[in-house]
Amino acid sequence: MVCLIDRPSSWRLGVLLGFILLMMLPWVRLPAKSAAPAESRTVVAAKGMAVSVSPTGTQVGVEILRKGGNAVDAAIAMAFAMAVTYPAAGNIGGGGFMLIYPGNGRDPVVIDYRETAPQLATREMFVKDDNPYSHRVSGTPGTVRGMELAHKRFGKLPWKELVMPAVRLAEEGFTLNEALAKSLNAVVAEGNAEFKRYFGKNHGIEPWQAGDRWVQKDLGKSLRSIAENGAEAFYNGPIADLLEAEMKRGGGLIRKNDLAAYQAKERKPIVGTYRGYTIYAPPPPSAGGICLVEMLNILENFDLKQYGPNSAETIHLFAETMKRAYCDRARYLGDADFVEIPAFLTSKEYAKKQAATISRTQATPSEKLAPELKIASEGESTTHFSVVDGNGMAVANTYTLEHSYGSRVVVRGAGFLLNNEMLDFNRKPGVTDRKGNIGTEANTIAPGKRMLSSQTPTIVTKDGKLVLVTGSPGGRTITNTVLRVVTNVIDHGMDIQSAVDAPRIHHQWFPDELRFEAASLEKQTTQHLRALGHKVFAARQGDAHSIWVDPKTGNYHGVADQRIDGKAEGF
Ligand code: DON
């Protein structure tokens, strides 16, 4: 204090003002932490682009595009290749959603290849035992039928040409990178004997090293029969025999009749608008499209641009919006072939009413949003890739085994992993709790029914022109990751790399917690959010391999999400 007296008075005024500001900090809106400008990882190309978590998968997609295949051809080849090169989530034993934007004024479509509950499944089968690593947790796989349907509807190159790159990768092997070697070593340590035999180096005795060559003979055999005989090999042929035998051996439920009856379905996407842009995303059995459009409709009522992407105001508004949409997800959403889904969820009027219930000074406790429900006291397990071809056809594909490496059950002799997607049903009917278990009726188990998903492969257009292709893994966080990428581009004018790199946030109604990627948020922002009544904690979120189209040049800008390994490649 003594030295202050000798300073010029404007300096003293400055210190005083500084002190007052410091006291106010939790309530002052600050810009996002100013990180050093990120090194560009964006790949720019004019004729075609593929972006995925698997560098080999991306290369396979680009080779197909170079050969004259369209975006759907490339996506099919990538899906099969990644069943070999990214076994944590790439699969033929799981399912997913492919959103296709055909271009040339044709309507976008969704290929729903979500798994179904086997005929032997029962509503209460997981009430007592829901061990995720068992034979009982697998739904009838949809991936191979899904790729077949996408090919029938839009494919240009012959089927065999699209599956053969995967066959070669499995039969001849490919070189493991560091990420895959580590991932395999971690999971082999936990797996059963067949899993160790199949996925371990020297039956799991030695650890894999980056640079090792990995050959998958059994999987190669399965893929070759799919390449030569089509999806029938999987659903009505030798693979079906092996799958049923595996199920019987381990107490699983899938039978040959389930496989024979499985159908991939072509569906109309959910279509929404946001500040003049058009949004396409999957309909039920994914909650993704409805939740995404409901959230965008709610957020349209607020001037997000003014608040900036990472201010406490913006994050509060996102959290409150997410809570409301996820509450509706729990209340109403399930397989639309089994339950009626209210149409108002995606209407602007409903969103306006929802927006009006958001307080700017206080978080709404989750329980208050659904008083009719009696409230009793989800890594690398899904993967999304984006593809565009030279004619403006685009594909956003998300597919999964549910957990990383699914149920950890390998079909003996067929070399592929089964999903544990049955766990996406509401396992305990009637029991909705604070931990986030949902027990509402719409998503309870019934034979043949598809379990509710959060997968949200998304395409954004403006004035009939392609703008953005995106999506992510991450269970219930998926839709919120997509929401952030979309709003980062539309509201904040971010380039695609910044939009993908920017910190993400997640609220899913229950647990009543606000998750965010901490390192990039100011401490004051979190203090502000706590003061509003949010329970906040830090968590990494998602893996959004995305493509943006420059409206001036028409060039494709692809970026792999740096949160996990990945590769964008174009030509
Ligand atoms: O379909 C779903 O929503 C989930 N089975 C996806 C699981 C997932 O994304 C796991 N995480 N990375």
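Quick caveat, the model's predicted, so the values are computed rather than measured.

Draft legend 1. Molecular detail of the packing of helix 4 (residues 71-85) against helix 6 (residues 159-172). Viewed as axis vectors pointing N to C, helix 4 and helix 6 meet at an angle of 20°, and their least axial separation amounts to 8 Å. Considering their axes alone, helix 4 and helix 6 lie roughly parallel with respect to each other. Along this stretch, helix 4 crosses helix 6, giving a crossing that reads as right-handed. Residues Asp73, Ile76, Ala77, Phe80, Ala81, Val84 and Thr85 of helix 4 touch helix 6, and the partners they reach there are Trp159, Leu162, Val163, Ala166, Leu169 and Ala170. Here the residues of the contact of helix 4 with helix 6 sort into 11 nonpolar, one polar and one charged.

Draft legend 2. Local environment of the sheet that holds strand 14 (residues 458-462). Judged by pairing direction, the sheet is antiparallel, and its seven strands sit side by side in the order 1-20-19-15-14-9-8 without closing on themselves. Single-partner strands in this sheet number two, and they are strand 1 (43-45) and strand 8 (270-274). Neighbour-to-neighbour, the strand axes of this sheet turn through a mean angle of 25°, independent of strand direction. Sheet topology places strand 15 (residues 465-470) next to strand 19 (residues 546-549); two bridges connect them, and they run antiparallel. Its bridge partner being in strand 19, Leu468 is matched across the sheet by Trp548. Those strands touched by helix 13 (residues 288-299) are strand 8, strand 9 (277-281) and strand 14, and its axis lies near 20° from that of strand 8.

Draft legend 3. How the structure looks around the site of the ligand. Inspection of the region around the ligand gives 14 residues, with Thr382, Glu402, Glu421, Asp424 and Gly475 positioned closest. The separation between a nitrogen atom of the ligand and a polar side-chain atom of Ser381 is 2.9 Å. Between the ligand and Ser453 there is a distance of 2.7 Å, counted from an oxygen atom to a side-chain nitrogen or oxygen. Look at the ligand: alone it shows 340 Å² of surface, and the protein chains cover 96% of it. By residue class, the composition of the shell around the ligand is two nonpolar, eight polar and four charged.

Draft legend 4. A look at the nonpolar core. Core analysis: the largest hydrophobic core is formed by 85 residues, its most contacted members being Phe80, Ile92, Phe234 and Phe416. Element by element, the count of residues in this core is highest for helix 4, at 13 residues. Among residues more than four places away in sequence, those in contact with Phe416 are Ile92, Gly93, Leu219, Phe234, Ile239, Leu243, Val409, Val410 and Val411. Within the second largest apolar cluster, 64 residues are counted, among which are Ile298, Phe302, Cys327 and Ile438.

Draft legend 5. Structural view of the pairing of strand 4 (residues 109-113). With five of five residues buried, strand 4 is to be regarded as a mostly interior element. Along strand 4, one buried face is formed by Val109, Ile111 and Tyr113 and the opposite face, lined by Val110 and Asp112, is buried too. Relative to strand 4, strand 3 (residues 95-101) runs antiparallel, the two being bridged by five bridges. What sits directly across from Met98, in strand 4, is Ile111. As judged from the three bridges shared by strand 4 and strand 7 (residues 265-267), these two strands associate in the antiparallel manner. Bridged to Asp112 within strand 7 is Lys265.

Draft legend 6. Seen up close, the sheet that holds strand 18 (residues 536-538). The strand order across the open sheet built from three strands is 16-17-18, with neighbouring strands paired in mixed fashion. Edge positions in the sheet fall to strand 16 (505-506) and strand 18, since each of these pairs with one other strand and no more. Here two bridges tie strand 16 to strand 17 (residues 514-516), and the two strands are oriented antiparallel to one another. Bridge pairing links His506 to Arg515 in strand 17.

Draft legend 7. Inspection of unusual backbone geometry at higher detail. With an omega dihedral of 15°, the bond running from Pro284 to Pro285 counts as a cis peptide bond. Among the secondary structure elements, Pro285 is positioned in the loop between strand 9 and helix 13. Between Phe510 and the following residue, Pro511, the backbone shows a cis peptide bond with an omega angle of -5°. Relative to the helices and strands, Pro511 is located in the loop between strand 16 and strand 17. Here Asp463, not a glycine, exhibits a phi torsion of approximately 50°, which is positive. Mapped onto the elements, Asp463 comes out in the loop between strand 14 and strand 15.

Draft legend 8. Representation of helix 9 (residues 217-229) within the structure. Its 13 residues give helix 9 an end-to-end C-alpha distance of 18 Å, which sits within 8% of 18 Å, the value for a rise of 1.5 Å per residue. Taken as a whole, helix 9 has its buried residues at Asp218, Leu219, Gly220, Ser222, Leu223, Ser225, Ile226 and Ala227. Where helix 9 is buried, its residues contact helix 4, helix 5 (143-154), helix 6, helix 8 (193-199), helix 10 (232-235) and helix 11 (238-250). Looking one or two places after helix 9, you find Gly230, whose phi comes out positive at around 80°.

Draft legend 9. Layout of empty space enclosed by the protein. Empty space within the largest cavity amounts to approximately 80 Å³. Looking at side-chain class alone, the lining of the largest cavity contains eight nonpolar, four polar and no charged residues.

Draft legend 10. Inspection of the pattern of salt bridges at higher detail. For the coordinates displayed, the defined rule picks out 39 salt bridges. A salt bridge links Arg197 to Asp218; the nearest nitrogen and oxygen atoms lie 3.6 Å apart. Note that Arg197 is positioned in helix 8 and Asp218 in helix 9, a separation of 21 residues in sequence. Classification of Arg197 by relative accessible area gives partly exposed; the value is 36%. One salt bridge in this structure joins Glu206 and Lys201, with 3.8 Å as the shortest N-O distance. Where salt bridges share partners, they join Asp112, Lys265, Arg267, Asp337 and Arg450 into one cluster.

Reading guide: rules and limits
Within every chain, residues take consecutive numbers counted from 1 along the sequence as written. Where totals are concerned, whole chains, interfaces and linings use all residues; where local detail is concerned, this predicted model gives features only for residues with pLDDT of at least 70, and gives and counts side-chain atom pairs only at 80 or more. Hydrogens are left out, water is left out, and the side-chain values use all remaining heavy atoms of the structure. Helix axes are fitted to C-alpha atoms over the stretch in contact, other axes to C-alpha atoms as well, and angles between N-to-C directions run from 0 to 180 degrees. Runs of H or I in DSSP of at least four residues are treated as helices and runs of E of at least two as strands, each being numbered from the N terminus. Here the word oblique covers every angle except those under 35 degrees (roughly parallel), over 145 (roughly antiparallel) and from 65 to 115 (roughly perpendicular). When the near helix sits turned anticlockwise from the far one by under a right angle, the crossing is termed left-handed; a clockwise turn instead gives a right-handed crossing. Residue contacts are counted whenever heavy atoms from the two residues lie within 4.5 Å of one another. Polarity classes work like this: nonpolar for Ala, Val, Leu, Ile, Met, Phe, Trp, Tyr, Cys and Pro, charged for Asp, Glu, Lys and Arg, and polar for all others, with Gly in that last group. Any two strands with at least two DSSP-identified bridges between them are counted as paired. Only heavy atoms are used to decide nearness, and a residue is near a molecule or strand if one of them lies within 4 Å of it. Residues adjacent in sequence count toward polar contacts only when both atoms are side-chain atoms; beyond that, a polar contact is any pair of N or O atoms within 3.5 Å, and within protein one must be able to donate a hydrogen and the other to accept it. Each accessible area is a Shrake-Rupley result for a 1.4 Å probe, and residues are judged covered by the shown protein chains and nothing else. To define a nonpolar core, start from buried Ala, Val, Leu, Ile, Met, Phe, Trp, Tyr and Cys residues and group those joined through side-chain atoms within 4.5 Å. Three exposure classes are used, based on accessible area relative to the maximum for each residue type with a 1.4 Å probe and protein chains only: buried under 20%, partly exposed in between, and exposed over 50%. The span one expects for a helix is its residue count, reduced by one, times 1.5 Å. As defined here, a cavity is a set of points on a 1 Å grid over the protein atoms alone where a 1.4 Å probe fits but cannot get out. A pocket is an open set with protein on both sides within 12 Å along at least five of seven lines, and residues line them when an atom is within 4 Å of a point. Grid points are joined across faces, edges and corners, and a volume is the space filled by probe spheres set on the points. Here, a salt bridge means any side-chain nitrogen of Lys or Arg that lies within 4 Å of a carboxyl oxygen of Asp or Glu.

None of the figures reported here should be taken as evidence of function without further support.
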